[in-house]
Amino acid sequence: MCGITGYIGYREAYPIVVKGLQRLEYRGYDSAGIMLFDGAKAQVSKTKGKVADLEEITLQSPEKKSGNIAIGHTRWATHGVPNDVNSHPHTSVSGDLVIVHNGIIENYDTLKKELISRGYTFQSDTDTEVLINLIEEVKKHENCKLGKAVQIALTQVTGAYAIAVFDTKKPNEIVVARLGSPIAIGIGKDNSEFFVASDASPFIEYTKEVIYLEDEEMAIIQVNKEVAVRKVKDDSLTDTKIQQLQLNLEQIEKGGYEHFMLKEIHEQPKAIIDTYRGRMLADEGIIKMSGVDDHIEKFLNADRIIIVACGTSWHAGLVAEYLFEDIARIPVEVEYASEFRYRNPIITEKDIVIAISQSGETADTLAAIKLAKSKGAFVFGVCNVVGSSIARETHAGAYTHAGPEIGVASTKAFTTQITILLLIALKLGKEKGKLSKSVFHSYLQMLQLIPSKIEELLAIDGQVKHIASIYKDVPNCLYLGRGFNFPVALEGALKLKEISYIHAEGYPAAEMKHGPIALIDENMPIVVIATNKGHYEKVVSNIQEIKSREGKIIAIVTKGDITVKEIADHVIEIPETEEMFTPLLTTIPLQLLSYHIAVLLGKNVDQPRNLAKSVTVE
Ligand code: AGP
């Protein structure tokens with residue numbers, strides 16, 4: 001949560017940092033702020049609301065937009081309501097030091113009391129204002145420079161932080177540090193300028209060279225000097241690794257679509273191809289995945305697979321439970337990372353833990369990984385963001401290569417996660433002798449057809465939009481599915497509630513009779529996934545039961561279906577495929593349905609209220 005960015009160099013910093021903040025708004029958008037150093041003093045502008053609101057207020061004060069050094073922030077509120085005062089940047093009592101911070105200082109209350117006893121006063125309710133005053137106190141007490149003061153102060157805090165700090169009395173540097181929240185440092189040509197950000201998106205048009213700080217690392221960034229990364233704990237130098245960015249500008253722009261979410265829905269055919277590219281050689285009947293191949297004995301001898309994830313990624317994990325058990329005959333447990341981490345779970349060295357996360361930064365998933373590792377489990381990561389904390393924390397893994405997902409509602413992350421998990425399940429199924437060579441080969445051929453089938457499905461957008469216009473004003477909605485499509489029902493409900501704020505629940509279709517059926521009347525739409533394989537007849541019976549109670553059925557069926565068509569109020573057809581691949585198709589109309597309902601209701605689809613893309617706090 002929260003995005004931070006900064007610039008130091010020879011260009012005007014304001015447009016760079018403001019554009020950077022816009023790209024980071026997926027991390028939170030409760031408030032926005034910027035500090036510019038104009039050569040004489042620090043100019044701070046901040047406001048409740050979005051980066052666009054910040055631009056609005058700075059429009060009136062051009063003097064606050066000039067300077068070659070800036071730090072900026074876009075906030076997802078933790079301590080203190082979203083208002084102007086609690087917005088970042090925060091300034092120390094003397095006015096000398098300025099900070100932007102992503103994370104939570106857990107012992108802020110104790111530190112605050114201590115600082116108050118020494119005469120410090122506070123304007124805001126934030127933990128960040130405590131941190132900047134702690135740094136100021138250390139600087140005064142030790143009579144040291146900013147870098148040293150930051151280093152000492154950070155040894156006194158518990159919690160998580162990614163910070164950028166500036167000292168108006170020594171205005172030639174920005175000090176950055178991280179623990180639990182990401183920091184990327186972009187390096188300009190010959191060290192003539194530097195960029196700082198929560199991810200690399202704010203600076204991709206300026207440089208491809210980046211350093212990702214590891215936990216408990218810090219750096220003092222000065223123009224014309226190489227970046228030296230140090231350990232917060234003891235100030236020792238680390239081996240600085242400069243990486244080459246793979247990201248390009250096109251990937252993080254809307255490309256003609258009205259919303260990122262719509263763009264990302266439409267990107268799924270390509271994203272899935274990018275996920276299996278180079279890994280699945282369908283014609284030769286081979287799946288190559290170095291993260292699995294290098295540890296194949298562990299996978300083949302695993303007693304159990306435990307999947308940990310949150311939200312949509314957890315839903316992908318549930319699909320994987322069906323896949324691994326069905327195809328590879330390995331027992332699977334799927335856990336909410338937030339529960340798993342505090343449950344004293346039984347984990348052995350013969351367990352494989354698979355952590356799924358689009359962002360690779362989800363705090364609970366990260367904590368679950370650390371717990372599993374401490375108990376001796378082998379941990380495999382399925383992440384989208386290259387170089388993310390989870391990707392680095394796991395023993396091995398596979399990137400989904402879906403490209404940046406900016407809409408807060410996950411779409412292509414879900415289908416590409418399922419694709420990776422399918423590849424692993426198929427590979428293990430074959431290696432364990434559970435799938436014959438010819439069956440394995442034919443599955444690969446079928447998987448290769450999925451992207452074009454999604455293209456076909458995307459063409460029915462108009463039909464889905466029409467259904468959306470009929471149901472956009474309902475207060476509640478139910479989603480039902482069975483087997484591989486039960487998690488899709490959960491995911492469909494999550495998509496609807498998070499972007500349209502309509503209450504929605506997903507259930508296994510057979511569970512309906514155990515409670516949810518009481519909700520059904522003539523006003524209740526029920527989205528039922530009733531593809532022709534698996535439990536088709538049983539789901540048809542559920543549809544009959546709903547119709548007898550006058551519920552409205554929106555059914556997702558296989559092309560050519562006759563039975564459901566006669567009973568349902570609306571049917572959306574998906575192309576024929578093998579049952580295990582159906583989640584990759586049935587998901588698409590559910591994404592479109594939520595999208596259109598939210599747009600018709602005038603909601604902010606890409607930045608729904610109260611949410612943030614990466615949940616980097618508990
Ligand atoms: C889904 O639309 C949400 N944005 C959310 O549930 C998300 O999937 C969850 O926070 C997990 O994020 P991660 O995949 O980045 O770990």
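Residues numbered from 1 in each chain as written. Predicted model: local features only at pLDDT ≥ 70, side-chain atom pairs only at ≥ 80, totals over all residues. Heavy atoms only, no water.

1. Description of the overall build of the chain
- Each helix and strand in the chain was counted, giving 20 helices and 26 strands.
- The dimensions of the chain, computed from C-alpha atoms along their principal axes, are 80 × 55 × 45 Å.
- When the 618 residues of the chain are sorted by exposure, 61% land in the buried category.
- Accessible surface for the chain amounts to roughly 23300 Å². Of this, 49% is attributable to carbon and sulfur atoms.
- Within the chain, one finds 67 positive and 81 negative side-chain charges whose respective centroids are separated by 2 Å. (Helix = DSSP H or I, 4+ residues; strand = E, 2+ residues; numbered from the N terminus. Buried < 20%, exposed > 50% of the residue type's maximum accessible area, 1.4 Å probe, protein only. Areas by Shrake-Rupley, 256 points an atom, 1.4 Å probe, with all protein chains shown as cover. Lys, Arg positive; Asp, Glu negative; His and termini not counted. Charge placed at Lys NZ, Arg CZ, Asp CG, Glu CD.)

2. Quick look at the site of the ligand
- Looking at the ligand, there are 15 residues lining it, with Ser313, Ser357, Ser359, Thr362 and Glu498 nearest.
- Here an oxygen atom of the ligand and a side-chain polar atom of threonine 362 are 2.4 Å apart.
- At 3.1 Å from an oxygen atom of the ligand is found a side-chain nitrogen or oxygen belonging to lysine 495.
- Look at the ligand: alone it shows 410 Å² of surface, and the protein chains cover 91% of it.
- Of all the elements in the fold, those that place two or more residues in the shell around the ligand are α10 (311–328) and α17 (486–500).
- For the shell around the ligand, the residue count by class is five nonpolar, eight polar and two charged.
- Residues from two domains meet in the shell around the ligand; each of domain 2 (254–458) and domain 3 (460–609) gives at least three. (Near = heavy atom within 4 Å. Polar contact = N/O pair within 3.5 Å; in protein donor to acceptor, adjacent residues only side chain to side chain. Nonpolar A, V, L, I, M, F, W, Y, C, P; charged D, E, K, R; others polar. Domains from an automatic or database assignment.)

3. What to know about the domain arrangement of the chain
- Each assigned domain of the chain is listed with its residue range as follows: domain 1 (3–251), domain 2 (254–458) and domain 3 (460–609).
- Taking only C-alpha atoms, the centre of domain 1 and the centre of domain 3 are 44 Å apart.
- The interface of domain 1 with domain 3 comprises four residues on the first partner and four residues on the second.
- Summing both partners gives a buried area of about 290 Å² for domain 1 against domain 3, and 32% of it is carried by carbon and sulfur.
- Contact with domain 3 buries surface across domain 1, with Glu25, Tyr29 and Lys50 losing the most and accounting together for 95% of the total.
- Summed over the shared surface of domain 1 and domain 3, the result is zero salt bridges.
- Remark: the boundary between domain 1 and domain 3 carries four residue pairs in polar contact (both at pLDDT 80 or more). (Contact = heavy atoms within 4.5 Å. Buried area = accessible area lost by both parts, 1.4 Å probe. Salt bridge = Lys/Arg side-chain N within 4 Å of Asp/Glu carboxyl O.)

4. Some words on the nonpolar core
- Counting residues in hydrophobic clusters, the biggest one holds 92 residues, and the most contacted among them are Phe324, Ile354, Phe380, Leu422, Leu426, Leu428 and Tyr479.
- Per-domain counts for this core show at least three residues from each of domain 2 (254–458) and domain 3 (460–609).
- Residues in contact with isoleucine 354, not counting those within four places in the same chain, are Ile305, Ile306, Ile307, Val308, Phe324, Phe380, Val382 and Leu421.
- Ile105, Tyr120, Cys144 and Tyr161 belong to the second largest nonpolar core, which has 29 residues in total. (Core = buried A, V, L, I, M, F, W, Y, C linked by side-chain atoms within 4.5 Å.)

5. Section: the state of the cysteines
- Using the criterion set out here, one finds zero disulfides in the structure.
- We note that cysteine 2 lacks a disulfide partner, and the nearest cysteine sulfur, in cysteine 310, lies 18 Å from it. (Disulfide = S-S within 2.5 Å.)

6. Some points on helix α3 (residues 108–117)
- Of all the positions in α3, only Tyr108, Leu111, Lys112 and Leu115 are classed as buried. Burial along α3 is one-sided: seen end-on, the buried residues are contained in an arc of 100 degrees. Within α3, the exposed residues directed more than 90 degrees away from the buried face are Thr110, Lys113 and Ser117.
- For α3, the secondary structure elements touched by its buried residues are β6 (97–105) and α4 (127–142).
- Taken from the residues just after α3, glycine 119 is the one with a positive phi, measuring 100 degrees. (Arc of directions from axis to C-beta.)

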